[in-house]
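# Per-entry structural report
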Amino acid sequence: MSKADGSWINWFVGLHSNGFLCRVPYEFARDKFNLTGLETMVTNFQDTLDAILNSEFDMQNGFDADDSHPEMAEQLYGLIHARYILTRRGISDMCLKYQRGDFGVCPRTYCNEQLVLPLGLTDRIGESHVKVYCSRCQDIYQPSARCALLDGAMFGSSFPHMFFMQLPHLLPEPPIEKYTPRIYGFKLHDLALLPPSPDESDLGDSTSKEQLKHLEQAQPVQDDNRPSKRRCNFAFD
Ligand SMILES: [Zn+2]
């Protein structure tokens, strides 16, 4: 691979572990207005910026010894990336990745493999790793191991919400189904799901009988997939 094979940005976003990142256009990263305030957040700002805008990055050997520290380049790119993906063009770039499934799907069964988006818990570098947000159940999860070590601030805490404000037609319907705890097909009373109090913890077999009483009056869960005869076979004295 020759020294003129590409830019640092192309090399960096092409790494397997950086698959959540999109490529920030040079014109965006060069625009001083877009970088306002970042000078104080990254040490050796100008040299680091020059390094990531280097169009002849040595992909095989990486940075020269006298270049900025690679970690600084990653941090600065991450902060620029977080700003870029809030722009109309950035959202469009991330939408392509979203619809391609680059960020994965929600692990919750009843979300039916809803596509997810990356987000950070804070906007400050170094505080937490990236999470993924499911717009169906409106919760966050650990991402796939491949990109799990990316800094959450590379995406920021606002990204998914800005994304759906710009593209509301992509918002899914809330989940209809919700998991119901059952024993032998019978729904459990809420009290049965509470941890036992200290007074009840050593009651032995009698505890089991008490817990069985919490099954909701032996009322079977309405489940059209189960034959009604089988539901009625189970009764408590
Ligand atoms: Zn979900």
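Residues numbered from 1 in each chain as written. Predicted model: local features only at pLDDT ≥ 70, side-chain atom pairs only at ≥ 80, totals over all residues.

## Some points on the overall build of the protein
When its secondary structure is counted, the protein shows 8 helices and 6 strands. The secondary structure elements of the protein, listed N-terminal to C-terminal, are α-α-α-α-α-β-β-β-α-β-β-α-β-α. Taking all contacts inside the protein whose residues are at least 6 apart in sequence as the whole, residues at least 24 apart take part in 64%. (Helix = DSSP H or I, 4+ residues; strand = E, 2+ residues; numbered from the N terminus. Contact = placed C-beta atoms within 7 Å.)

## Details of the sheet that holds strand S3 (residues 139-141)
Here we have 3 strands laid out as an open sheet, ordered S1-S2-S3, and antiparallel in their pairing. Every interior strand has two partners, whereas the edge strands, strand S1 (116-119) and S3, have only one. Ignoring strand direction, the axes of neighbouring strands in this sheet form an average angle of 40°. Across the face of the sheet, helix H6 (residues 159-166) comes into contact with S1 and strand S2 (131-134) while running at roughly 135° to S1. (Pairing = 2+ DSSP bridges. Axes fitted to C-alpha atoms, helices over the stretch in contact; angles between N-to-C directions.)

## Concerning helix H4 (residues 70-84)
The terminal C-alpha atoms of H4, which comprises 15 residues, lie 21 Å apart, in line with the 21 Å expected from a rise of 1.5 Å per residue. By the burial criterion, the buried members of H4 are Ala 73, Gln 75, Leu 76, Tyr 77, Gly 78, Leu 79, Ile 80, His 81, Ala 82 and Tyr 84. Residues of H4 that are buried sit in contact with helix H1 (8-13), helix H2 (26-30), helix H3 (45-52) and helix H5 (88-100). (Expected span 1.5 Å × (residues − 1). Buried ≥ 20, exposed ≤ 12 C-beta atoms within 10 Å, placed from the backbone.)

## Comments concerning the nonpolar core
Nonpolar side chains in soluble globular proteins tend to end up buried together. Membership of the largest hydrophobic core comes to 38 residues, with the highest contact counts inside it found for Trp 8, Ile 52, Leu 76, Val 116, Leu 117, Met 154 and Phe 155. When residues of this core are traced back to their parent elements, those giving at least two are H1, H3, H4, S1, S2 and H6. It is H4 that contributes the most residues to this core, 7 residues altogether. Not counting the four nearest positions on each side in its chain, Leu 76 is found in contact with Leu 38, Val 42, Thr 48, Leu 49 and Ile 52. (Core = buried A, V, L, I, M, F, W, Y, C linked by C-beta atoms within 7 Å.)

## What to know about unusual backbone geometry
The phi dihedral of Asn 44 is positive, around 55°, even though this residue is not glycine. Along the chain, Asn 44 turns up in the loop between H2 and H3. Of note, Asn 112 is a non-glycine position whose phi angle comes to about 50°, a positive value. Looking at where Asn 112 falls in the secondary structure, it is placed in the loop between H5 and S1. When the 13 C-beta atoms within 10 Å are taken as the criterion, Asn 112 is described as partly exposed.

## A closer look at H3
When H3 is considered as a whole, its buried residues turn out to be Thr 48, Leu 49, Ala 51 and Ile 52. The buried residues of H3 occupy an angular sector of 160° when projected down its axis, which confines them to one face. On its buried side, H3 packs onto H1 and H4. (Arc of directions from axis to C-beta.)

## Here's the deal with the environment of Met 162
Within the element layout of this structure, Met 162 appears in helix H6. Since 16 C-beta atoms lie within 10 Å of it, Met 162 is described here as partly exposed. Taking the C-alpha atoms as reference points, Met 162 and Thr 87, separated by 75 residues in sequence, lie 9.2 Å from one another.

## Some details on the packing of H3 against H4
Contact geometry of H3 with H4 gives a least axis separation of 9 Å together with a crossing angle of 80°. Accordingly, the angle class assigned to the pair H3 and H4 is roughly perpendicular. In this structure, H3 uses Thr 48, Leu 49, Ala 51 and Ile 52 to contact H4, whose residues at the interface are Met 72, Ala 73, Leu 76 and Tyr 77. Residue classes in the contact of H3 with H4 are distributed as 7 nonpolar, 1 polar and no charged. (Parallel < 35°, antiparallel > 145°, perpendicular 65-115°, else oblique. Nonpolar A, V, L, I, M, F, W, Y, C, P; charged D, E, K, R; others polar.)

## Some points on the environment of Gly 101
Looking at where Gly 101 falls in the secondary structure, it is placed in the loop between H5 and S1. Along the chain, Gly 101 and Leu 115 lie 14 residues apart, while their C-alpha atoms are 6.5 Å from each other.

## Description of the pairing of S2
Along S2, one buried face is formed by Lys 131 and Tyr 133 and the opposite face, lined by Val 132 and Cys 134, is buried too. Here S1 pairs with S2 via 4 bridges, running antiparallel. Within the sheet, the bridge partner assigned to Val 116 lies in S2 and is Cys 134. By the bridge criterion, 3 bridges tie S2 to S3 in an arrangement that is antiparallel. For Tyr 133, the partnering residue across the bridge sits in S3 and is Ile 140. A loop of 4 residues connects S2 with S3, the two strands running antiparallel in sequence, and Gln 138 in this loop sits at a positive phi of about 55°.

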